[in-house]
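Examination of the molecular architecture
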Amino acid sequence: MSASKLQESGKVRIAHSLHTKEDEFVIERRKTVFQSLQKLNINCSEDAVPHVALLGSGGGQRAMVGLLGSLVQLDKAGLLDCILYLSGVSGSTWCMASLYQEPDWSTKLETVKDQIIRRISGPRVSWEDALAKLKKYYYEKDHFSLTDVWAVMVVTEYVKEIDEGKLSDQWDQHNKDPFPIYTVIDKQCKQCKDEEGTEDPWFEISPHEAGYSLTGAFVETSSFGSQFVNGSKKKPQDEMDMLYLQALCGSVLADGDKNKEFLWQKIKDFFKDLYPKWLRMSEEMREEPKDPSAEKGYQVLMDLVDMNLAVLNGKDPSDLDQSIRNTLNELSGGKSQLIFPIEKLNLKDKEAAVRYMNEHTEDVCKNLSHRFSSWPFDVLESIQECMVQWIWGRKYDFLQNMNDEALPSTLLESEMRDYEDAGLLLNSPYFPVLRKERNTDLIISLDFSEGDPFMTVREAAEMCKKRKIPFPEVNIPSEDVKKPKDFYVFKGTNTPTVIHIPLFNVVNCGDIETLRNKYRTLQVPYSAEMITDLMEVAGKNISNNREKLLEQIGAAVRQKGHN
C-alpha cells in the first residue's frame, strides 16, 4: 500500500518520514519563504531556502501573551514569512490555538491580535457553558481524566472560550501560515527511562497526524484517542477538540503530589457551585422531583473534598470523616460499612496519610455510587477517583499488540497511555523540529519559562548528546545566569543553529525579578493593561534584534548553499 493511501486508511503509520500532506505543504511554504528572503535582500537560490522553526516554550498565560507579542513583531519586521514551523509547549499552544482559529492568520495578524486580546481580557466562560462542556466530555468518550476537568475549570479561565473546533479540520484554511506542531509527552515513557536514553516520550500533534517524534510511530490526528489493535482501528472515538488539546498541552499540574492541593481547591469551588445550580436548572426544566437524599449525597462528596484538603494541610479530618460515615449510614438505613477506619490515619507521616486518603476516597465513592449513579453524581464521583489515581490525558494506546521490532516493547503491551504537558520534561518543543526528516537549519527559541531562562536550551543539548541527535554545544557565561541578555546564538558542525531569546532580560526590562513576580505562571488571569505591557516587553526581543535575526537567517542560507 502506498504511503498516502496508508495515511488515509485509518491505520498506524510506522516510518521515519513526513506525512505526505506535510511534505506537500513544505514544498509550497518554501516558495513563500523564498519570496520573503528576496524582499529582505537575502540572496538565496530556491534550493538553499533554510528550514526555520520558531519554538514557544511553556509558561501559562505568560507564554501565551509572550508568543503573541513576539509574532506581531516578527510580522512587522518582515520575518514571519521566513518561518516554516511553529511549535509550542504548554501556554504557547494556547496562543497557537487562538491564532489558527482564523484562516491565514499571518496575513492579518494585527486584526487577529486585537481579537485575541479583547477575548482574553474579557469575561470568563459562563458557569452553565462550562458545566455543559464537562458533561459532554464525561459522556461522549471512553476515557475521562483530570485533563477534561483541567480544560473546563482552569484553561477556560485564561483563554475565555470553549473552542470546539478540531485540529484536523482547520488545515485547509491555512495555506499562508507556518506549519503548527503541538507537543506533549507520554507519561509512562517519561517514568520508564532506561540507561541508554532510548525511550521516546516526545509526542507531537499536527493537523495531519499525532505520534512519537523519535520512534516514528503515528496515527491520523482525527483518530488519536480511538482504539487500535495490531495497527488497525477497532473502536472509533471522536477527535479531541481544541479546548481539550490546550488542556492536554497545558496540563502543568500533572506531575507530582505537590500540585494536588491547588486542584482539590478548584474542585471544591466547582462542587460548591454545582449542586444548587443543578437543582435550580432541574426545577426550571421540570425534571423529576427533588430527591431528598440527593442533598445528603452531595454533602458526602463535599466533605470528602474537604477531608482530602485537610490531610494535605496536615489538619485532623476526623470530624469530616465522622460526618461522612454518619450520612452514608443514614442513606443506607444502617447498612453502610466503610473499609477504612479513621484510627489508621497518621498525619505525622504525610505520604502514608495521603495514601490512606486515596484508598478512603475510592471507598466512599464506590459506596456512594450504589445509590447515586446518574448526573451529576457520576461525574463528581469520577473526578474524585481520577484525583486519587492522578489520571491525566488517558487515551487508548494506538500501538497496542503491533508486531514491529522497531518499536519499544513498552508501547506495544499497554491498553492505554497517559499524555501530559511536555514542559514537565523539557519546557520547549525541540525534539519534533529536530526530526531528521524535517531538515531544520535554524531554530529560534523563545523562552517564557518562569525560572532559569537557560534551563531548556541546556537540557535540550544534554538530551540530544545522549541520543546522538545533532545539536550545538551550549555554553552560558556564568554572569548571564542571573542577568540574561536578549539574544544568544549557538552553532556547531553539521547541527542546526539555535537562537535563544529569554523573555525577561537586562535589555528589555530594568528589574527582571519584579517582572517575573508580576507575571507568574499560576495566578489570576492578567488584566488588559498587563497583557499590553507584556506584549510590548516580548516584542522588544524581536524588534531590538531584527538585524541579528536577519544575519543568522542569511548565514543559514549560505550554510545550506555550501552543503
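Residues numbered from 1 in each chain as written. Predicted model: local features only at pLDDT ≥ 70, side-chain atom pairs only at ≥ 80, totals over all residues. Heavy atoms only, no water.

1. Thoughts on the overall build of the chain
- What the chain contains, in helices and strands, is 21 helices and 14 strands.
- Over its C-alpha trace the chain gives a radius of gyration of 25 Å, about what one expects of a compact globule, namely 24 Å for 563 residues.
- A principal-axis box enclosing the C-alpha atoms of the chain has dimensions of 85 × 60 × 50 Å.
- Sorting the 563 residues of the chain into buried and exposed places 60% on the buried side.
- Looking at the chain, you have 70 positive and 89 negative side-chain charges, and the mean spots of the two groups are 2 Å apart. (Helix = DSSP H or I, 4+ residues; strand = E, 2+ residues; numbered from the N terminus. Rg over C-alpha atoms; globule rule 2.2 N^0.38 Å. Buried < 20%, exposed > 50% of the residue type's maximum accessible area, 1.4 Å probe, protein only. Lys, Arg positive; Asp, Glu negative; His and termini not counted. Charge placed at Lys NZ, Arg CZ, Asp CG, Glu CD.)

2. A word on the pattern of salt bridges
- Here the structure, examined in full by the defined rule, presents 30 salt bridges.
- Glu28 is the salt-bridge partner of Lys31, the closest N and O atoms lying 3.2 Å from each other. You can see Lys31 and its partner Glu28 sitting in helix H2 (residues 20-39), three residues apart, about one turn around the helix.
- For Lys31, a relative accessible area of 46% translates into the label partly exposed.
- The class for Glu28 is partly exposed, based on a relative accessible area of 46%.
- Among the salt bridges present, the one from Lys268 reaches Asp306, with a minimum N-O distance of 3.0 Å. Highlighted residues: Lys268 in helix H11 (residues 260-284) and Asp306 in helix H12 (residues 292-312), separated in sequence by 38 residues.
- Using a relative accessible area of 23% as the deciding quantity, one classes Lys268 as partly exposed.
- The exposure class of Asp306 is partly exposed, given its relative accessible area of 21%.
- Taken together, the shared-partner salt bridges in this structure form one network comprising Glu22, Glu204, Arg435, Glu437 and Arg438. (Salt bridge = Lys/Arg side-chain N within 4 Å of Asp/Glu carboxyl O.)

3. A word on the pairing of strand E5 (residues 202-205)
- Burial along E5 is two-sided: Trp202 and Glu204 and Phe203 and Ile205, pointing in opposite directions, are all buried.
- Across three bridges, the pairing between E5 and strand E6 (residues 209-212) is antiparallel. Each bridged residue has a counterpart across the sheet, and for Phe203 the counterpart in E6 is Tyr212.
- Connecting E5 to the next strand, E6, in antiparallel fashion are three residues. (Pairing = 2+ DSSP bridges.)

4. Regarding the packing of aromatic side chains
- In this structure the tally under the stated criterion is 26 aromatic pairs.
- Plain terms: the ring middles of Tyr519 and Tyr526 are 5.0 Å apart, the flat faces sit at 85° to each other, and that makes the pair edge-to-face. By the burial criterion, Tyr519 is buried, and Tyr526 matches it.
- Following the ring pairs from residue to residue traces out a cluster consisting of Phe203, Tyr212, Phe224, Phe398 and Tyr419.
- In this structure, Lys395 packs its charged tip against the face of Phe224, placed 5.6 Å from the ring centre.
- It is Arg438 that lies over the ring of Tyr85; its NZ or CZ is 5.3 Å from the centre. (Phe/Tyr/Trp six-rings, centres within 6.5 Å; stacked < 30°, edge-to-face > 60°. Lys NZ or Arg CZ within 6 Å of the ring centre and 35° of its normal.)

5. Comments concerning the pairing of strand E12 (residues 442-447)
- Judged by how many residues are buried, E12 sits mostly within the fold: six of six residues are covered.
- Sheet topology places strand E2 (residues 52-56) next to E12; five bridges connect them, and they run parallel. Along E12, the bridge assignment pairs Gly56 with Leu446.
- Relative to strand E14 (residues 497-502), E12 is paired through six bridges, and the arrangement is parallel. Bridging across to E14, Leu442 finds its partner in Thr497.

6. Let's talk about the side chain of Gln227
- One can find Gln227 in strand E8 (residues 227-229).
- With relative accessibility at 11%, the residue Gln227 sits in the buried group.
- Excluding residues that lie within four positions of it along the chain, Gln227 makes contacts with Ser232, Lys233, Lys234, Lys235, Tyr396, Gln400 and Glu415. (Contact = heavy atoms within 4.5 Å.)

7. Digging into the side chain of Ser106
- Within the secondary structure, Ser106 sits in the loop between helix H4 (91-99) and helix H5 (109-120).
- Ser106 gets classed as buried once you look at its relative accessible area, which sits at 8%.
- Of the polar contacts made by the side chain of Ser106, one reaches the backbone oxygen of Lys176; its length is 2.8 Å.
- When near neighbours in sequence (up to four residues on either side) are disregarded, Ser106 contacts Asp75, Leu80, Lys176 and Asp177. (Polar contact = N/O pair within 3.5 Å; in protein donor to acceptor, adjacent residues only side chain to side chain.)

8. Let's talk about the nonpolar core
- If you look at the biggest cluster of nonpolar residues, it comprises 184 residues, and the most contacted ones within it are Leu71 and Ile205.
- The greatest single-element share of this core, amounting to eleven residues, is contributed by H12.
- Other than its neighbours up to four places away in sequence, Leu71 contacts Leu54, Leu80, Leu86, Cys95, Leu99, Trp105 and Leu109. (Core = buried A, V, L, I, M, F, W, Y, C linked by side-chain atoms within 4.5 Å.)

9. A look at unusual backbone geometry
- Cis geometry marks the peptide bond from Trp375 to Pro376, where omega comes out at 0°.
- The backbone of Asn41 shows a phi angle near 60°, a positive value even though the residue is not glycine.
- Its place among the elements puts Asn41 in the loop between H2 and E2.
- Of the residues examined, Asn41 reaches a relative accessible area of 68% and is grouped as exposed.
- Even without a glycine there, the phi angle at Lys468 is positive, about 60°.
- Topologically, Lys468 is positioned in the loop between helix H18 (455-467) and strand E13 (488-490).
- Residue classification places Lys468 among the exposed residues on the basis of a relative accessible area of 75%.

10. Looking at the environment of Gln299
- In this fold, Gln299 is placed in helix H12.
- Overall, Gln299 belongs to the partly exposed group, its relative accessible area being 37%.
- Along the sequence, Gln299 and Phe271 sit 28 residues apart, while their C-alpha atoms lie 9.9 Å from each other.

11. Describing the packing of helix H13 (residues 318-331) against helix H14 (residues 350-369)
- Packing of H13 against H14 leaves a shortest axis separation of 11 Å and a crossing angle of 20°. Of the possible angle classes, the one that applies to H13 and H14 is roughly parallel. When the axes of H13 and H14 are compared, the crossing they make is left-handed. Contacts from Asp321, Ile324, Arg325, Leu328 and Leu331 of H13 reach H14 at Tyr356, His360, Val364, Asn367 and Leu368. (Axes fitted to C-alpha atoms, helices over the stretch in contact; angles between N-to-C directions. Parallel < 35°, antiparallel > 145°, perpendicular 65-115°, else oblique. Left-handed = near helix turned anticlockwise from the far one by under 90°.)

12. A closer look at the packing of helix H6 (residues 127-139) against helix H7 (residues 146-159)
- At a closest axis distance of 9 Å, the pairing of H6 and H7 adopts a crossing angle of 165°. One way to sum up the angle between H6 and H7 is to call them roughly antiparallel. The way H6 lies across H7 gives a crossing that is right-handed. Across from Ala130, Lys133, Leu134 and Tyr137 in H6, the residues of H7 making contact are Asp148, Val149, Ala151 and Val152.
- Partitioned by chemical class, the residues of the contact of H6 with H7 number six nonpolar, no polar and two charged. (Nonpolar A, V, L, I, M, F, W, Y, C, P; charged D, E, K, R; others polar.)

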